[in-house]
Amino acid sequence: MTALTAVAYDVTAVAQSSNRYGSPEVMEAPDLNYQILVPLLVLFAGACLAVLFEAMVKGTQRTVVQVFTVGATLCVALGVLAYNFTHDRFGTYGGGLLIADKPAYIMQALLIVFTLGAMFLFATHTAKPAREALGENRQLESEIHALALFSLFGMTMFVASSNLLMLFIALEVLSLPLYVLCSLDRYRPNRSQEASLKYFLLGVVAAALMLYGIVLVFGATGSFDYTTIAHVAEMGTEANFLLGFLFIVAGLLFKIGAVPFHSWVPDVYQGAPTPVTAFMAIATKLAAFGALGRLFTLIVPMNDEYTWQLVIAITAAVSMAYGAIVAIAQRDVKRLIAYSSIGHAGFILAAFVGAPGGAFQVAGLQITAMSAAIIYLLAYGLATIGAFAVVTLVRDKDGKEATDFSSWAGVGRAHPAIGAAFVIYFLSFAGIPLTGGFIGKLSAFAVPWLAGHSWLVVVALLLSAVAAYAYFRFLTIMFFEPVKDTTRVRSASGSVGVIIAITAILTIVMGVLPTWVISLVGDAGVFLAG
């Protein structure tokens, strides 16, 4: 009887210890911190509603409903985000998997703003006049709005991730909708689907590489949490950790589009619908740089000049050189901007080389590597969305988008307003003074210069001049060659006109009055450790 009682006691004890509901030590309710989580919940709910409306609303009203739904979702999410920021709601949330700090708030806000700008182009892409121009009677791809919102949801998690598993989940959430979005070009469906397939296959390889790196880091440190990994790394790193972290960085460099993970960029930029290209060009790059900055700041401080600083410096220099030189040979405006984006990725990476130096004083204002990257991405995003908005206006005789240089001959002279806007955007790409691009490059180059890496800044300046030649060569075609009879330019009215006007004005304002931008994000490189 005594033995039977002992066995029964042991079984009961085991059952209680294995019962996740009966033992508070085994299962504790996670601290989700809903006040900070609300913007993400709003984005997710809005994306789900957009999917429902896509199935329920019929006919030509679908696009109107989708635009209203997505626009309202973005505005509400941005409002809640601003409210949380102004009320100093910082710290971890989502069970400790996400973190709210100044860099995360600023990058999430920029992501929402740029997505809102892209939505104006999406609305034109799916509007009735665009359908009639092609002689089609069917409703165009209005699901583009819901897919973009799901991708944005993943991006906002991506820049706030403080856990490697959450980082990978966010990567997949933001990537899967993009693969579909790239295939929705109704003008050249074959090229669009080919670009989508290439992006998907290479993206899967990059994701697998990143996941393998996460496994190696976990095996070396026993944790997925950034703070714990950093603590273990301080006591000494082993080969598995270094190799794993290198794989993780490689996955992020793929999303950034830096060399040698750049091969998808030209084909996808050219094959995807122009509004999708505008969305990807800035939003994906901003999210990836946000995640990369957090990893380098919290896990690997790059205090060894001959390891991570050297890796990033070489990657930046090669990306700048490749993007600038190959851009000269392009004859398609979307491919020109694509190779330009590879060069810009290198310019932004140059700022991270000076990350160990912390904060620097530039013209009496404080700036860090991450804040310099954000300033650069802000200027680059304004010019990119504006440039692609202009691209949607130039058509051939069949009403299809004309991106070959020959179709743009004389467009700037025949349509001065459009030509002037494109000049502003390309001057900003080149980093000419009195544009936002100049302030971005000044910030990005000041950090490595003050950190003692003057050689990298000299290389960047020389390659900026090479890239500027490619931009001015295209502008020469726009203004000094005769107009082709087969080219048709739509009037910049409606949502596209609004985007062109706003981005052109803000690009100039940012270049003329840069102090407010630098002061706003001056301490945005200070990440919370969790």
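Residues numbered from 1 in each chain as written. Predicted model: local features only at pLDDT ≥ 70, side-chain atom pairs only at ≥ 80, totals over all residues. Heavy atoms only, no water.

- For the chain, the name recorded in an unreviewed UniProt entry is NADH-quinone oxidoreductase subunit N, with Corynebacterium pyruviciproducens ATCC BAA-1742 as its organism.
- Taken verbatim from the UniProt record of the chain, the Catalytic activity (unreviewed entry) comment is "a quinone + NADH + 5 H(+)(in) = a quinol + NAD(+) + 4 H(+)(out)".
- The record in UniProt for the chain states the following under Subunit (unreviewed entry): "NDH-1 is composed of 14 different subunits. Subunits NuoA, H, J, K, L, M, N constitute the membrane sector of the complex." (UniProt positions renumbered as here; feature names shortened; annotations may be inferred.)

**Concerning the overall build of the chain**
Here is step 1 of the chain: If you tally the helices and strands in the chain, you get 21 helices and six strands.
Here is step 2 of the chain: When each of the 530 residues of the chain is scored for burial, the buried share is 56%.
Here is step 3 of the chain: Within the chain, counting contacts between residues at least 6 apart in sequence, those at least 24 apart form 78% of the total.
Here is step 4 of the chain: With an accessible surface of roughly 20900 Å², the chain has 68% of that area assigned to carbon and sulfur atoms. (Helix = DSSP H or I, 4+ residues; strand = E, 2+ residues; numbered from the N terminus. Buried < 20%, exposed > 50% of the residue type's maximum accessible area, 1.4 Å probe, protein only. Contact = heavy atoms within 4.5 Å. Areas by Shrake-Rupley, 256 points an atom, 1.4 Å probe, with all protein chains shown as cover.)

**Brief notes about the environment of alanine 55**
Here is step 1 of the chain: As for its placement among the helices and strands, alanine 55 is situated in helix H2 (residues 34-56).
Here is step 2 of the chain: Sequence separation of alanine 55 and glutamate 143 is 88 residues, and the distance between their C-alpha atoms is 9.5 Å.

**Some thoughts on the packing of helix H7 (residues 164-181) against helix H12 (residues 274-298)**
Here is step 1 of the chain: Between H7 and H12, the shortest axis-to-axis distance is 12 Å and the interhelical angle comes to 170°. With respect to H12, the element H7 is oriented roughly antiparallel. For the pair H7 and H12, contact is made by Leu164, Leu167, Leu178 and Leu181 and by Val276, Phe279, Met280, Thr284, Ala291 and Leu295, respectively.
Here is step 2 of the chain: Looking at the contact of H7 with H12 residue by residue, the classes come out as nine nonpolar, one polar and no charged. (Axes fitted to C-alpha atoms, helices over the stretch in contact; angles between N-to-C directions. Parallel < 35°, antiparallel > 145°, perpendicular 65-115°, else oblique. Nonpolar A, V, L, I, M, F, W, Y, C, P; charged D, E, K, R; others polar.)

**With respect to the pattern of salt bridges**
Here is step 1 of the chain: Summed over the entire model, instances satisfying the criterion amount to three salt bridges.
Here is step 2 of the chain: Here aspartate 267 and arginine 335 are joined by a salt bridge, their closest N and O atoms 3.1 Å apart. Remark: arginine 335 occurs in helix H14 (residues 333-353) and aspartate 267 occurs in helix H11 (residues 264-271); sequence separation between them is 68 residues.
Here is step 3 of the chain: Among the residues examined, aspartate 267 registers a relative accessible area of 27% and is labelled partly exposed.
Here is step 4 of the chain: Given a relative accessible area of 18%, arginine 335 falls into the buried group.
Here is step 5 of the chain: The network of salt bridges with common partners includes Lys198, Asp267 and Arg335. (Salt bridge = Lys/Arg side-chain N within 4 Å of Asp/Glu carboxyl O.)

**A look at the nonpolar core**
Here is step 1 of the chain: Counting residues in each nonpolar core, the largest one holds 176 residues, and the members touching the most others are Phe422 and Tyr425.
Here is step 2 of the chain: With 19 residues, the top contributor of residues to this core is helix H15 (residues 369-391).
Here is step 3 of the chain: Ignoring anything within four residues of it in the chain, the contact list for tyrosine 425 reads Leu382, Ala383, Gly386, Ala387, Val390, Ile499, Ile500, Thr503 and Ala504. (Core = buried A, V, L, I, M, F, W, Y, C linked by side-chain atoms within 4.5 Å.)

**A closer look at H14**
Here is step 1 of the chain: Relative to the 30 Å expected for 21 residues at 1.5 Å per residue, H14 spans 31 Å between its end C-alpha atoms, a close match to the ideal helical length.
Here is step 2 of the chain: Burial runs high along H14: 21 of the 21 residues are buried.
Here is step 3 of the chain: Two or three places before lysine 334, at the opening of H14, aspartate 332 has a side-chain oxygen 2.9 Å from that residue's backbone nitrogen. (Expected span 1.5 Å × (residues − 1). Polar contact = N/O pair within 3.5 Å; in protein donor to acceptor, adjacent residues only side chain to side chain.)

**Looking at the packing of aromatic side chains**
Here is step 1 of the chain: What the rule picks out here adds up to 28 aromatic pairs.
Here is step 2 of the chain: Arranged with centres 5.4 Å apart and planes meeting at 85°, the rings of tyrosine 179 and phenylalanine 200 form a pair that is edge-to-face. With tyrosine 179 in helix H7 and phenylalanine 200 in helix H8 (residues 189-221), this pair connects stretches of sequence that are 21 residues apart.
Here is step 3 of the chain: The partly exposed category is assigned to phenylalanine 200, whose relative accessible area is 35%. (Phe/Tyr/Trp six-rings, centres within 6.5 Å; stacked < 30°, edge-to-face > 60°.)

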